[in-house]
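Structural overview for review
Residue strings, one per chain:
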Amino acid sequence: MTGEAFFRSRWVAAPDGVTDAGRGARGLPQGFRAAGVAAGVKASGGRDLGLLVCDSPQASSAARFTRSGVLAAPVVLTKERARLHALRAVVVNSGNANAATGSRGLDEAARVQGAGAVAAGVGADQVAVASTGVIGVQLDGGLIVRGLARAAAELRGDGDGDLAAAMMTTDAFEKRAVLDVELSGGTVRLCAQAKGAGMIQPAFATMLCFVETDAALAAETADLLLGVCVKRSFDRISVDGELSTNDTALLLCSGVSGVAVAAESDDELRFGHALDALLRQLALDIVRDGEGAARVGRVVVRGGDVVGVERSARAVANSPLVKAALHGGDPNWGRIAQAVGMALVDAAPVPFDIAIEGVQVAARGAAVAYDERALGAAVDRPEVEYVVGLPGDGHETEVFFSDLSHTYVTVNADYTT
């Protein structure tokens, strides 16, 4: 293992049969090459253009995108012009979201897709385009086209670190993983690169995630697994309750290992568990980054009304008061109670229960005695868990969220200036 373990949250365990190469490890699955270069999009001069290529003609893939009503040009273009079940290349730029840029933005995205096809040696309809950065600024596609020529020359099997670096905007650290998964037919590699720290509450975050494997999956199997795992990971996080115009998650399968993952097999289950754990930890990394975040919270809500359970969990996770209390290590459960009440308007009286780090602080809508000093020490940790009980049984949901720090305000107050 290289350096710190990838699976570092108490809420995500490494599945059996999964070997973690550790944070900082490099090495894409067989059949993949990647590169990251400086194309001149970012004023800083840092890496801002990434190229991911799958060399296997038999590749399969799956995709998920933001459900925002304001879609960025690369999202529109990829959804409409790419074969999402047979992608073989991804072009990603940071520093400019190419969102709210009108017809010119679509033209530039198409220009990037065409240049990506040339750089990767594949059809244009097998190229996904992704962007992240400032909204409402026209993207200079010429910078991308010229940068892709350099990126193509630098493609290599251990270029995943450079690709991850090229995706970052306000990210404080890179988010990627290299895992090996034991299946009945042999060992396959599962890698991912993600970015995101602010504008995070995917509805499926300026959030991007690209996952690669050398396992052989039918497109239908890849789509099923990605969909289920996204719902349990990126759809369960919030930094600020904001929905990005650019969220994109892709799974590309080269099949070069020769190890097939058949539908409805034990291998599908094993691979699915590995993908699920991978995406959940990456999702937690995004929350942990959180543009100045110091702590991560997890709220679990149980009850009989599925709508009320979901609304309550989101309300707690997105409450500035709850998030500020989390940042300060303050076990002020009244903040949680008010957030639940806001989600369940006109439903009074609600006999709610609240526990913080396993300590019961409220029962049937009223305070109960607890050791305040001990609970104060329990919430002064990097991860804090809240459990809310509502009337009834049968439904449970969770949301992971970051605290609200002074740094978050500073970052977003000065984002374009």
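It should be noted that the structure appears before, not after, this text.
A brief look at the structure comes next. (Residues numbered from 1 in each chain as written. Predicted model: local features only at pLDDT ≥ 70, side-chain atom pairs only at ≥ 80, totals over all residues. Heavy atoms only, no water.)

Thoughts on helix α6 (residues 266-289)
- When the terminal C-alpha atoms of α6 are compared, their 35 Å separation across 24 residues agrees well with the 34 Å that a helix rising 1.5 Å per residue should span.
- For α6, the buried fraction is high: 20 of the 24 residues fall into the buried class.
- Immediately beyond the C-terminal end of α6, within one or two residues, lies G290, with a positive phi of roughly 45 degrees. (Helix = DSSP H or I, 4+ residues; strand = E, 2+ residues; numbered from the N terminus. Expected span 1.5 Å × (residues − 1). Buried < 20%, exposed > 50% of the residue type's maximum accessible area, 1.4 Å probe, protein only.)

Describing the nonpolar core
- One finds L190, V211, F234, L275, L278, L279 and L282 to be the most contacted residues of the largest nonpolar core, which totals 44 residues.
- Going through the elements one at a time, β7 (175-183), β8 (186-195), β9 (208-213), α5 (219-231), β11 (248-253) and α6 are the ones with two or more residues in this core.
- The element best represented in this core is α6, accounting for 11 residues.
- In terms of nonpolar packing, the next biggest core, distinct from the first, is built from 30 residues, V301, V316, A317 and I336 among them. (Core = buried A, V, L, I, M, F, W, Y, C linked by side-chain atoms within 4.5 Å.)

Some thoughts on the sheet that holds strand β4 (residues 60-65)
- In spatial order, the strands read β1-β7-β8-β9-β11-β4; together these 6 strands make up an open sheet with mixed pairing. The two strands at the open ends of the sheet, each matched to only one other strand, are β1 (18-20) and β4. Taken over all neighbouring pairs, the strand axes of this sheet differ in orientation by 15 degrees on average, direction set aside.
- Note that β4 and β11 share 6 bridges and pair antiparallel. (Pairing = 2+ DSSP bridges. Axes fitted to C-alpha atoms, helices over the stretch in contact; angles between N-to-C directions.)

Focus on the environment of V239
- Within the element layout of this structure, V239 appears in the loop between β10 (237-238) and β11.
- For the pair V239 and T407, spaced 168 residues apart in the sequence, the C-alpha separation amounts to 13 Å.

Some remarks on helix α1 (residues 73-81)
- Every buried residue of α1 is accounted for by A73, P74, V75, V76, L77 and T78.
- Buried positions along α1 lie against β4, α2 (102-120), β6 (127-132) and β11. (Contact = heavy atoms within 4.5 Å.)

Thoughts on unusual backbone geometry
- Put simply, A348 and P349 share a cis peptide bond, and its omega is -5 degrees.
- In the Ramachandran plot, N98 falls in the positive-phi region, its phi being about 45 degrees despite a non-glycine side chain.
- Positionally, N98 belongs in the loop between β5 (89-94) and α2.
- For N98, a relative accessible area of 1% gives the class buried.
- Unlike most non-glycine residues, R364 shows phi in positive territory, near 50 degrees.
- With respect to the secondary-structure elements, R364 resides in the loop between β14 (359-363) and β15 (366-367).

Distances and angles like these do not, on their own, reveal function.
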